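# Fold and contact review
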Amino acid sequence: MEDGLPSVSVGGVGSRFISQNDLEEAKARREDQWKAAYARLGQVPPPQPVEDSFDGRSLAEKLAANRAAKQEEWEEKTKLANQFRALEEDEIMFLDSIREKQAEEERLRKAQDGEELSDFRNCCS
């Protein structure tokens, strides 16, 4: 090693860095402590949240992707709500038969009312 260049591993700067191995050991120790604490309480520890992997996209790209996903979800909901289809032949025939029955019942009721009204007029005059 050259004498003119400062070493990162020795001195003030190098001592402030933490290696990945140290981070993993600290994380494992923390998980063991949590599991031991829950074991003392007699409970099952809740699942640990999974850390997100690094996503190299910019914030604008992430927001645009989220907006597009929400828009697609909304369109899917409204598509199902506004879905129209043509009636099939048997459905049309069924609805026509109901309408004809109702019209016939209305015609008979009006005829009966007219007959009763004429009988009442004949009776009272």
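Residues numbered from 1 in each chain as written. Predicted model: local features only at pLDDT ≥ 70, side-chain atom pairs only at ≥ 80, totals over all residues. Heavy atoms only, no water.

We now examine the overall build of the chain. For the chain, the count of helices and strands is three helices and zero strands. Mapped from its N terminus to its C terminus, the chain presents α and β elements in the order α-α-α. Taken across its 125 residues, the chain has 2% of its residues classed as buried. With the model as given, the accessible surface of the chain reaches about 12,200 Å², and the carbon-plus-sulfur share is 56%. (Helix = DSSP H or I, 4+ residues; strand = E, 2+ residues; numbered from the N terminus. Buried < 20%, exposed > 50% of the residue type's maximum accessible area, 1.4 Å probe, protein only. Areas by Shrake-Rupley, 256 points an atom, 1.4 Å probe, with all protein chains shown as cover.)

Under the definition given, this model contains six salt bridges. Between E76 and K79 there is a salt bridge, with the nearest N and O atoms lying 3.6 Å from each other. Here K79 and E76 lie together in helix 2 (residues 59–81), a separation of three residues that amounts to about one turn. Given a relative accessible area of 38%, E76 falls into the partly exposed group. Notably, a salt bridge pairs R109 with D113, separated by 3.1 Å at the nearest N-O pair. Residue R109 and its partner D113 are located together in helix 3 (residues 89–124), separated by four residues, close to a single helical turn. In the salt-bridge network here, residues are joined through shared partners; they are E106, R109 and D113. (Salt bridge = Lys/Arg side-chain N within 4 Å of Asp/Glu carboxyl O.)

With that settled, the discussion passes to a nonpolar patch on the surface. A contiguous nonpolar surface patch, about 370 Å² in accessible area, is contributed by L87, I92, F94 and L95. Residue placement: F94 occurs in helix 3. (Patch = residues over 30% accessible without salt bridge, like charges linked within 9 Å, V, L, I, M, F, W, Y side chains within 5 Å.)

One rule of thumb: low pLDDT means the predicted coordinates there are not for detailed reading. With 87% of its residues at a pLDDT of 70 or more, the chain has an overall mean of 84. The weakest mean pLDDT in the chain belongs to helix 1 (residues 20–41) at 90; the strongest belongs to helix 3 at 94. (pLDDT = per-residue confidence, 0-100.)

Glancing now at helix 1. Spanning 22 residues, helix 1 covers 32 Å between terminal C-alpha atoms, matching the ideal 32 Å at 1.5 Å per step. One or two steps after helix 1, the chain reaches G42, where phi turns positive at roughly 80 degrees. (Expected span 1.5 Å × (residues − 1).)

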